[in-house]
Amino acid sequence: MKQRISLIICLVIVLIFFIFTNRIDHQSNAKRLAEEECILVVETPPSSYTSEMFRAKGYNPLTNKSCECNHHNRWWSSYKDQIQAGDTIVKRKGELIFSIHKKDSIINHRYRL
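My aim in this report is to walk through the structure given alongside it, one point at a time. Predicted model only: the values in this text are computed from it and were never measured. (Residues numbered from 1 in each chain as written. Predicted model: local features only at pLDDT ≥ 70, side-chain atom pairs only at ≥ 80, totals over all residues. Heavy atoms only, no water.)

### Quick notes on the pairing of strand 2 (residues 54-59)
Working step 1: Residues Phe54, Ala56 and Gly58 point to one face of strand 2 and are all buried, whereas Arg55, Lys57 and Tyr59, pointing to the other face, are not buried.
Working step 2: Here strand 1 (residues 38-44) runs beside strand 2; their pairing, made up of 3 bridges, is antiparallel. Across the sheet, residue Val41 finds its bridge partner in strand 2, namely Tyr59.
Working step 3: Direction of pairing for strand 2 relative to strand 3 (residues 66-71): antiparallel, over a ladder of 6 bridges. From the neighbouring strand, Tyr59 faces strand 3, where its bridge partner is Ser66.
Working step 4: Between strand 2 and strand 3, which pair antiparallel in sequence order, lie 6 residues; one of them, Asn64, sits at a positive phi of approximately 60 degrees. (Buried < 20%, exposed > 50% of the residue type's maximum accessible area, 1.4 Å probe, protein only. Helix = DSSP H or I, 4+ residues; strand = E, 2+ residues; numbered from the N terminus. Pairing = 2+ DSSP bridges.)

Okay, here's the thing in structure tokens:
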């Protein structure tokens, strides 16, 4: 009986420790994401890559120079199936909006804390 109680207490302590050490700091994550920037006319869409991270190749419409956008967070990656060659993706520094500009529409995705 004592062993069972000790085991339960030990499991509760481990559970509490796990809960407190795995909390996500959403504010810090949002600040980090707001600092990222990518403005790109897509030539190679992100769905062409097998990687989990977001990756797209194309050119910057302001400079006409070739560039590539890489993003390791799941925020942009969750929309990669919506992006096709010819679309323009826009993530401006200081904003928490990721936009996909298509020929006839603009799709805005806001980051939610």
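Let us keep going from here.
### Some remarks on the pattern of salt bridges
Working step 1: Per the counting criterion, the structure on display carries 4 salt bridges.
Working step 2: Lys102 serves as the salt-bridge partner of Asp87, at 2.6 Å between the closest nitrogen and oxygen. A residue pair is termed long-range when its members are at least 10 positions apart, and Asp87 in the loop between helix 3 (74-77) and strand 4 (88-91) and Lys102 in the loop between strand 5 (97-101) and strand 6 (106-110) qualify at 15 residues. (Salt bridge = Lys/Arg side-chain N within 4 Å of Asp/Glu carboxyl O.)

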